[in-house]
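Chain by chain, the residues:
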Amino acid sequence: MGTQWVVLGEIIGVHGIRGGLTIRSYTDPRENILDYKRWQLDERREVRVRKGGWIGKRMVVHLKENEQPLEDRETAASLIGARICVPRSELPKSDELYWADLVGLTVETVGGQRLGAVVNMMETGANDVMVVRGDEERLIPFVREHVVREVDLKARRVVVDWDPDFV
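Since the model is a prediction, treat every value here as computed from it, not as a measurement. (Residues numbered from 1 in each chain as written. Predicted model: local features only at pLDDT ≥ 70, side-chain atom pairs only at ≥ 80, totals over all residues. Heavy atoms only, no water.)

Observations concerning the layout of surface pockets
Gaps between atoms show up when a probe of the same size as a water molecule is rolled over them.
Consideration 1: Considering only enclosed or pocket space, the largest pocket measures out at about 1400 Å³ in volume.
Consideration 2: In terms of lining, the largest pocket is formed by 38 residues, of which the most central are V6, V7, Y98, W99 and A100.
Consideration 3: For the lining of the largest pocket, the elements supplying multiple residues, two or more each, are strand 1 (5-15), helix 2 (99-102) and strand 9 (114-123).
Consideration 4: In terms of residue count, strand 9 provides more of the lining of the largest pocket than any other element does, five residues in total. (1 Å grid on protein atoms, 1.4 Å probe; cavity = no way out; pocket = protein on both sides within 12 Å on 5 of 7 lines; lining within 4 Å. Points joined across faces, edges and corners; volume = space filled by probe spheres on them. Helix = DSSP H or I, 4+ residues; strand = E, 2+ residues; numbered from the N terminus.)

Quick word on the environment of P164
Consideration 1: Within the element layout of this structure, P164 appears in the segment after strand 13 (157-160).
Consideration 2: When the C-alpha atoms of P164 and G111 are compared, they prove to be 9.9 Å apart, with 53 residues separating the residues in sequence.
Consideration 3: Setting aside residues up to four positions removed in sequence, P164 forms contacts with T109, Q113, L115 and R138. (Contact = heavy atoms within 4.5 Å.)

A word on unusual backbone geometry
Consideration 1: Although it is not a glycine, E67 adopts a positive phi angle of roughly 65°.
Consideration 2: Here E67 lies in the loop between strand 5 (58-65) and strand 6 (68-69).
Consideration 3: Taking relative accessible area as the criterion, E67 reaches 52% and is therefore assigned exposed.
Consideration 4: With a phi angle near 60°, R156 is a residue other than glycine that sits in the positive phi range.
Consideration 5: Along the chain, R156 falls in the loop between strand 12 (148-152) and strand 13.
Consideration 6: Here R156 falls in the partly exposed class, since its relative accessible area comes to 43%. (Buried < 20%, exposed > 50% of the residue type's maximum accessible area, 1.4 Å probe, protein only.)

Listed below in structure tokens is the structure:
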């Protein structure tokens, strides 16, 4: 079956002239991404975290590849936009769902009408929100019992109590 990769963040910019990278972490708390020392960038390029942490309001990391530090700004700039992935097997075991579990699942109403597929998740502070793309793009709150009635990972679907006309 192969390795199942989970996206934990993305590289969004460079920092300084010595290969520093600014990242956006999807972990909670955000610095937990630094607990994973081996990353796959876009599931194909293995790097290791040399050091990382907060510099002001930005999370900055320095990486190495094949035991060689990535120390120049041009190499760093070429990595902007790369997704930071780790093997699913390295994540803590949990009864909770990870966002990565939901992305790609089909979303349908309790009446069986297909609304589309989960393409992304967002945090709003009050609750997580599924970005569902089908004939329309819908933002559906991930609130169990009230909106999300069932998540069936084996069938790859989410059943929601949602009016299909509400976009």
